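# An overview of the molecular structure
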Amino acid sequence: MYEKRVEGWLKHWDFLLLDILVLELVYALSRFHVHSSQLEILDTTARNQFSMLLACDLIAVFLFEPYKNILRRGHLVELTETFRHALVVVVLDLLLLFLVRAVGTIPRRLLVNTGIFYFFADYVARMLWKAFLRRKLKRQVGTRSMVVLTTAAHAESVLRNMRARAFQDFFVSGMFLMDGDGAEEMVGDVPVLGTGEDILDYVCRQWVDEVFLCLPEDSTDLQKFQAEFENMGITVHTCLGMPGKSGNRELSMGKLGNYAVATSAIRVIPAKAVISKRLLDIAGGIVGCLITLIFVIIIGPMIYVKSPGPIFFTQTRVGKNGKKFKIYKFRSMYMDAEERKKALMGQQKYKDGMMFKMSDDPRIIGSEKKDKNGRPKGIGNFIRRTSIDEFPQFWNVLKGDMSLVGTRPPTEDEWEKYDPHHRARMSVRPGITGLWQISGRSEITDFEQIVALDTEYIQNWTFALDLKILAKTVVVVLKHEGAE
């Protein structure tokens, strides 16, 4: 029988419980210090705040993974992570107080004291608990005996990857090399006990709790060994793929129906990260839609006067994994822009036809008017230069067609020209902004460079990267960098 180890949230339940206890204790002490004997420690306001702090701590754990690699973090890293966690909890608490209109019920001095004391107290508590665990685990040797069957070429790599995580509850008692010649004696500090022909007899007569099979996928003996060990009642672990990345693909293990599968993708993202990105999209989408309403009142009449017709432009675009949707923009071009596009194809920047961009596009509303430097100064040029035309896309973000940050959604005719490797950029929701937009936008005329930037974004995505791109987008838009 195999007793599966706890993973996910419960893996570090002790640190979660420790943080909650420290937080609540610090708040109680801070409240007593601020109010002294003037208020009851457990009045209604205090009870509500205790509950809100608990909720904030759980939300912070869910969204930002403060316990990732916590046992391997040094003093400085732990100090940084504890500060970030304390800051997130205080900010979330302020946000909740604002939402329930209770900001005035909690003195600012109390919130500041709670945040500062929580940071220092939680850091000390975490370091003491980690020191205790390390002493305990240092004395504790893995209790499960495991033997490994692999090839000579991969033996050292397999052993290194098996020990990549700290504090394993098993020890490798020996290795068998499928293609061994009998001359090998040790792999690192682990004895080589024989070849593939010897392992069945060894497992049958020696202390072995589990067997790890890490053989090439085309090995004809893999299923034979699995069946033999299962017959013996031995727990068998079968490597479905090397951990981490295979080429530029990430591997993860899971279930598909009743099948155990190894899933490869350009990037594997935890569910909580997907949720946090979507929550950011919803919050940003709501704010963006409110700003869009203001622009409708101001910009809408200007567009209509210069070019009678709808103030919004809609077009079918290709979204995540080829799913089509209607994109919304403020109309910055004359009504016959699409018809005139064919005659202008020879003047565009992207000679491969993968995207359409041109300088001084005559289809833009009011572009026939020029300033003293000869640049067009129509209303269409203004809303494109300031990126105001993009604001209606916040409705696409709220609907879930797009994200705040992602890749540029291609038109249907651009999509038809894609080569297989171009499709990688469509493995995420398209975004209003992205790495391409803040890296030059219209100044980048090589489509392969755009694909490379989008792929880089997908492979290195983090919630913090989205925030960084959003912040830089604001700077780029205000400076009118790369916009035409």
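This text follows the structure it describes.
The following paragraphs examine the structure supplied in this document. Remember, it's a predicted structure, so these values are computed and weren't measured experimentally.

## Section: the sheet that holds strand 4 (residues 190-195)
If you walk across this open sheet you meet the 6 strands as 3-4-2-1-5-6, and the pairing is mixed. Looking at the sheet topology across the chains shown, the edges are occupied by strand 3 (186-187) and strand 6 (235-238). For strand 2 (residues 170-177) and strand 4, the ladder comprises 3 bridges, and the chain directions are parallel. Opposite Met175, over in strand 4, you have Val192 as the bridge partner.

## Some details on empty space enclosed by the protein
Tallied over the full model, the rule gives 1 cavity of 30 Å³ or more. Mapped by element, the contributors of at least two residues to the lining of the largest cavity are helix 2 (44-64), helix 3 (75-99) and helix 4 (108-139). Per element, the largest residue contribution to the lining of the largest cavity is 3 residues, and it comes from helix 3. Residue composition of the lining of the largest cavity, grouped by class: 5 nonpolar, 2 polar and 1 charged.

## With respect to the pairing of strand 2
Along a regular strand, successive side chains alternate from one face of the sheet to the other. Burial analysis of strand 2 places 7 of its 8 residues in the buried class, the great majority of the element. In terms of strand pairing, strand 1 (residues 144-150) meets strand 2 through 7 bridges, oriented parallel. When the sheet's bridge partners are listed, Leu149 is paired in strand 2 with Phe176.

## Notes on helix 13 (residues 447-459)
Taking 1.5 Å per residue as the helical rise, helix 13 with its 13 residues ought to reach 18 Å, and the 18 Å between its terminal C-alpha atoms agrees with that figure. Along helix 13, the residues classified as buried are Phe447, Ile450, Val451, Leu453, Asp454, Thr455, Tyr457 and Ile458. At its buried positions, helix 13 is contacted by helix 8 (271-306), strand 12 (403-405) and helix 14 (463-479).

## Quick look at helix 2
For an α-helix, 3.6 residues make a turn, and residues three or four places apart therefore share a direction. Taking 1.5 Å of rise per residue, the 21 residues of helix 2 would be expected to cover 30 Å, and the 30 Å separating its terminal C-alpha atoms lies within 8% of that figure. Just downstream of helix 2 lies Glu65, where phi reads positive at about 45°.

Criteria and thresholds
Residues numbered from 1 in each chain as written. Predicted model: local features only at pLDDT ≥ 70, side-chain atom pairs only at ≥ 80, totals over all residues. Heavy atoms only, no water. Pairing = 2+ DSSP bridges. Helix = DSSP H or I, 4+ residues; strand = E, 2+ residues; numbered from the N terminus. 1 Å grid on protein atoms, 1.4 Å probe; cavity = no way out; pocket = protein on both sides within 12 Å on 5 of 7 lines; lining within 4 Å. Points joined across faces, edges and corners; volume = space filled by probe spheres on them. Nonpolar A, V, L, I, M, F, W, Y, C, P; charged D, E, K, R; others polar. Buried < 20%, exposed > 50% of the residue type's maximum accessible area, 1.4 Å probe, protein only. Expected span 1.5 Å × (residues − 1). Contact = heavy atoms within 4.5 Å.

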